[in-house]
Amino acid sequence: MLRSLASLAQPFLLRLDAERAHELAIEALKTGLHPRPGTITGPALQVSLWDLDFPNPLGMAAGFDKSAEVPDALLSTGFGFVEVGTVTPKPQDGNPRPRVFRAPQDNAVINRLGFNNQGHAAVRARLMRRRQTGIVGVNVGANKTSTDKAADYVAGIETFSDLASFFTINISSPNTPGLRDLQHAEQLDDLLVRCVAARDAQQDKGLRRVPLFLKIAPDLEDTDLDDIAQAVTGRSLDGVIVSNTTLSRNGITDPAIAAQAGGLSGKPLFHRATVMLARMRQRLPADMPMIGIGGVESADTAFEKIRAGATLLELYTGLIYGGVDLVETVLTGLTQRLEREGFASVTDAVGTGMDDWAARNLSP
């Protein structure tokens, strides 16, 4: 019944203002009005990294549950993990509305939200009240008005080290002025030194060593990837996430939507983000995990991300158009695709198409 109700609600939500629809989706998750297949897993889907056992490789990307209101409800829909945030030290409203624009004919969204969230204190209080187990990462960012953005990331690590399954250092949103500058070699190295030191200081206090991921943009040159790979490996980060939204408008058919400022996500991002994923995979140690994001909306797109080099996957925009049932659909289809291609597990398939994807042009 819940499955059919969720399917029926999807066209209604798509007729509403995009942010209002998002707010209603959060409320539905809070009240339990959503499909709850529980953990979707199986030998082919299980992934073990560090001290974490992911029941399946598909996670809810940051941006949906910015203030950690419904992580356990999301896990109950079948996700193998959830990433909350981006969360900043101080609460902030983000950019003026309207700031989210759907392109339904292209299965895409452009947003310029600007890290709207309720801040460290509110998110910490909610995560402390969690009664369920499950892997929940925390995506940390910097306030728009901060004069020392690296200090905001350090504060996030210090605030959530006893609660986060992993951290994502988000320096790739296009909607916070100056944030993407942190991807440049000198600033990035300084940021990573401080973040790693903050993580290690918490470990010295007896807390668990929390893995650190760096989330990068898809709008980088190969020389930028070289610098990022050098910084990530030199500073002993645990993984890289590719990618955030793009400033490209390739694949958007409505000129009015294409003219909106902000980052593009969804189906048109898939090709670019997957090429960048493979190029970054080539530059990193073979055993360093990567999370692939951008245009995951089916078992086939999930499988191609894995072939390009992703150990884990995340989606968000696909859920807007496919509904919450998409989680089970993707994972069921991925299991079948792995078996059909002769892979015993996700891990066996990681990177098997890396060189093919890396050689492709950024525009299909």
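The structure under discussion appears in the preceding block.
Let me sum up the structure you'll find in this document. (Residues numbered from 1 in each chain as written. Predicted model: local features only at pLDDT ≥ 70, side-chain atom pairs only at ≥ 80, totals over all residues. Heavy atoms only, no water.)

**Quick notes on the overall build of the protein chain**
Where we set the bar: A run of H or I in DSSP counts as a helix once it spans at least four residues, and a run of E counts as a strand once it spans at least two, with each numbered from the N terminus. For the radius of gyration, the atom set is restricted to C-alpha positions; the globular benchmark scales as 2.2 Å times the number of residues to the power 0.38. Here the term buried applies to any residue with accessible area under 20% of the maximum for its type, exposed to any over 50%, and partly exposed to those in between, with areas from a 1.4 Å probe on protein chains only. Pairs of residues are marked as contacts when any of their non-hydrogen atoms sit within 4.5 Å. Using a 1.4 Å probe, accessible areas were evaluated by the Shrake-Rupley method; residue-level cover was limited to the displayed protein chains. When charges are tallied, Lys and Arg are placed among the positive residues and Asp and Glu among the negative ones, while His and the ends of the chain are skipped. Every charge is mapped to an atom, namely NZ of Lys, CZ of Arg, CG of Asp or CD of Glu.
In terms of regular secondary structure, the protein chain is built from 14 helices and 13 strands. Since a compact globule built from 364 residues should have a radius of gyration of about 21 Å, the 19 Å found for the protein chain is in line with a globular shape. Along the longest, intermediate and shortest principal axes, the C-alpha atoms of the protein chain span 50 × 45 × 45 Å. Scored against the burial criterion, the 364 residues of the protein chain give a buried share of 58%. Nonlocal contacts in the protein chain, meaning residues at least 24 apart in sequence, comprise 74% of its contacts between residues at least 6 apart. Surface accessibility of the protein chain: about 14,500 Å² in total, with carbon and sulfur atoms responsible for 51%. If you average the places of the 37 positive and of the 42 negative side-chain charges in the protein chain, the two averages end up 5 Å apart.

**Considering the sheet that holds strand β6 (residues 108-111)**
Heads up, the condition is: Only strands that DSSP links by at least two bridges are regarded as paired with each other. Fitting a line to C-alpha atoms yields each axis, with helices limited to the stretch in contact; the angle taken between N-to-C directions then spans 0 to 180 degrees.
With antiparallel pairing, three strands are arranged side by side in an open sheet as β5-β6-β11. The sheet terminates laterally at β5 (100-103) and β11 (263-266), the two strands that pair on one side only. For this sheet, the mean angle separating the axes of adjacent strands, direction not counted, is 20°. Judged from the four bridges that link them, β5 and β6 form a sheet pairing that is antiparallel. Of the residues in β6, the one forming a bridge with V100 is N111.

**Concerning the pairing of strand β10 (residues 239-242)**
A regular strand places its side chains so that they alternate between the two faces of the sheet. So the rule is basically this: By convention, a crossover is right-handed whenever its connection, traced from the first strand over the helix to the second and viewed with the strands pointing away, goes clockwise.
The side-chain alternation of β10 yields two buried faces, one formed by G239 and I241 and the other by V240 and V242. Direction of pairing for strand β9 (residues 212-216) relative to β10: parallel, over a ladder of four bridges. Opposite K215, over in β10, you have I241 as the bridge partner. Read as a crossover between parallel neighbours, the route from β9 over helix α7 (residues 222-234) to β10 is right-handed.

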